[in-house]
Amino acid sequence: MTAELSALGRAALAYAEMGWPVLPCKARGKEPLTPHGHLEATTDPRVIEAWWRRWPDANVGLSCRAAGLVVPDVDKHGDVDGEVTLAALIEKLGPLPPTLEARTGGGGRHLVYPDPGGKLVAKLGPGVDVKSEGYILVAPSVHPSGGEYAWIGGPEGDGVDDLPELPPAWVEAMRKPPQSPRVETHRPCGPFEGDGTA
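The notes below deal with the structure included here. Just so we're clear, the structure is a prediction, and the values are computed from it rather than from any experiment. Throughout, residues of each chain are indexed from 1 in the direction in which the sequence is written. Side-chain atom pairs in this predicted model are given and counted only at pLDDT of 80 or more, local residue features only at pLDDT of at least 70, and totals for whole chains, interfaces and linings cover all residues. Hydrogens and water are ignored here; the side-chain numbers use all heavy atoms of the structure.

### Considering the sheet that holds strand E2 (residues 59-63)
Reasoning step 1: Spatially, the three strands line up as an open sheet ordered E1-E2-E10, and their pairing is antiparallel. Each having just a single partner strand, strand E1 (22-25) and strand E10 (135-138) make up the two edges of the open sheet. This sheet shows a mean twist of 40 degrees between the axes of neighbouring strands, independent of strand direction.
Reasoning step 2: Any two strands between which DSSP finds at least two bridges are classified as paired. Strands here are runs of E lasting at least two residues and helices are runs of H or I lasting at least four, both read from the DSSP assignment and numbered beginning at the N terminus. Of the pairings in the sheet, the one linking E2 to E10 comprises four bridges and is antiparallel in character. By the bridge assignment for E10, Ser63 is matched with Tyr135.
Reasoning step 3: Whether two residues touch is decided by their heavy atoms; if any such pair falls within 4.5 Å, the residues are in contact. Only the stretch in contact is used when fitting a helix axis, every axis being a line fitted to C-alpha atoms; angles between N-to-C directions are given from 0 to 180 degrees. Helix H1 (residues 7-17) contacts E1, E2 and E10 of the sheet and is inclined by roughly 15 degrees relative to E2.
Reasoning step 4: Contacts between helix H2 (residues 45-54) and the sheet are confined to E1 and E2, with E1 contributing the most and set at about 10 degrees to the helix.

### Section: the layout of surface pockets
Reasoning step 1: Each pocket or cavity is described by its volume, and for the largest pocket that value is around 360 Å³.
Reasoning step 2: Lining the largest pocket are 18 residues, and of these Lys30, Asp73, His110, Lys131 and Tyr149 sit closest to its centre.
Reasoning step 3: Of the residues forming the lining of the largest pocket, the biggest block, three residues, is contributed by E10.
Reasoning step 4: The residue makeup of the lining of the largest pocket, split by class, is four nonpolar, seven polar and seven charged. A cavity, in this analysis, means grid points on a 1 Å lattice covering only the protein atoms where a 1.4 Å probe fits yet has no way out; a pocket is instead an open set bounded by protein on both sides within 12 Å along at least five of seven lines, and a residue lines either one if it has an atom within 4 Å of a point. Grid points are joined across faces, edges and corners, and a volume is the space filled by probe spheres set on the points. In the scheme used here, Gly and all other residues not listed as nonpolar or charged are polar, with Ala, Val, Leu, Ile, Met, Phe, Trp, Tyr, Cys and Pro taken as nonpolar and Asp, Glu, Lys and Arg as charged.

### Focus on unusual backbone geometry
Reasoning step 1: Note the cis peptide between Ala139 and Pro140, where omega equals 5 degrees.
Reasoning step 2: Note that Pro140 resides in the loop between E10 and strand E11 (150-152).
Reasoning step 3: Of note, the phi angle at Arg28 is positive, near 55 degrees, even though the residue is not glycine.
Reasoning step 4: Mapped onto the elements, Arg28 comes out in the loop between E1 and H2.
Reasoning step 5: Burial status follows relative accessibility: with a 1.4 Å probe on protein chains alone, a residue under 20% of its type maximum counts as buried, one over 50% as exposed, and anything between as partly exposed. Given the relative accessible area of 49%, Arg28 is considered partly exposed.

### Topic: the packing of H1 against H2
Reasoning step 1: Two elements in contact, H1 and H2, have axes separated by 9 Å at closest approach and are oriented at 165 degrees. Taken together, the axes of H1 and H2 are roughly antiparallel relative to one another. Between H1 and H2 the crossing geometry is right-handed. Here H1 contributes Leu8, Gly9, Ala12, Leu13 and Ala16 to the contact with H2, which in turn contributes Pro45, Ile48, Glu49 and Trp52. Relative orientations are named as follows: roughly parallel for angles under 35 degrees, roughly antiparallel for angles over 145 degrees, roughly perpendicular for angles from 65 to 115 degrees, and oblique for any other angle. Helix crossings fall into two classes, left-handed where the near helix is turned counterclockwise from the far one by less than a right angle and right-handed where it is turned clockwise.

### Considerations on helix H3 (residues 82-93)
Reasoning step 1: To estimate how far a helix should extend, the number of its residues minus one is multiplied by 1.5 Å. With 12 residues, H3 extends 16 Å between its outermost C-alpha atoms, agreeing within 8% with the 16 Å of an ideal straight helix rising 1.5 Å per residue.
Reasoning step 2: Among all positions of H3, only Gly82, Thr85, Leu86, Leu89 and Leu93 are buried. Seen end-on, H3 carries its buried residues on one side only, within an arc spanning 100 degrees. H3 presents Val84 and Glu91 as exposed residues on the side facing more than 90 degrees away from its buried surface.
Reasoning step 3: One or two positions beyond H3, positive phi appears at Gly94, with a value near 100 degrees. Throughout, the arc means that of the directions going from the helix axis to the C-beta atoms.

### Details of the packing of aromatic side chains
Reasoning step 1: In summary, the pairing rule links any two rings of Phe, Tyr or Trp, Trp by its six-membered ring, whose centres are within 6.5 Å, and it sorts them by plane angle into stacked for under 30 degrees, edge-to-face for over 60 and tilted for everything else. Tallied over the entire structure, the rule returns four aromatic pairs.
Reasoning step 2: An angle of 50 degrees between the planes, with centres 6.1 Å apart, marks the rings of Trp20 and Trp151 as tilted. Linking Trp20 in the loop between H1 and E1 with Trp151 in strand E11, this pair joins segments that are 131 residues apart in sequence.
Reasoning step 3: Overall, Trp20 belongs to the buried group, its relative accessible area being 3%.
Reasoning step 4: Taking the relative accessible area as the measure of exposure, Trp151 reaches 15% and is therefore buried.
Reasoning step 5: Chaining the aromatic ring pairs together yields one cluster made of Tyr15, Trp20 and Trp151.

### Description of the environment of Lys76
Reasoning step 1: With respect to the helices and strands, Lys76 occurs in strand E4 (residues 76-77).
Reasoning step 2: Sequence separation of Lys76 and Gly108 is 32 residues, and the distance between their C-alpha atoms is 6.6 Å.
Reasoning step 3: In contact with Lys76, other than residues within four places in its own chain, are Asp81 and Gly82.

Next up, the structure:
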């Protein structure tokens, strides 16, 4: 029964009811506990209940693209401050519309927007990653440092179905440039210098 699940398991079910596919991750860690990671994320309550009965303290991972989301991840590591990078990006690209936001267990921020589709870059600059193809941890998960992930305002109260679209300039900055077709060059067959052929 759902009542037997841990708080983390109940949260996982709540996300699934919102249409967000989830997966179990290592307790106080980020590594998936399933063999194929975020590719196994699901909204199936039977699977989710089985996972969190097996791993009651598992963190909750959210598969971004499967949920239709893209998440700029603003973080600080040592001398790299993502907030400084974000401010520079806003100066260049224009403001980001206010949206659903989370405080990460490591002290950073997740900004949640609808996925614009297509191939996206993994990083916009130092300390600002783009979470699209993979997954993020969501509340009430616990960071390896012991900090808890928490929604700022809570997902229910922020109109998850009405998240603002990313401005075009930001989408363009996130798009991976198309790769040019690789052109193979071949040396012509013929005599090679010094091989004794005439």
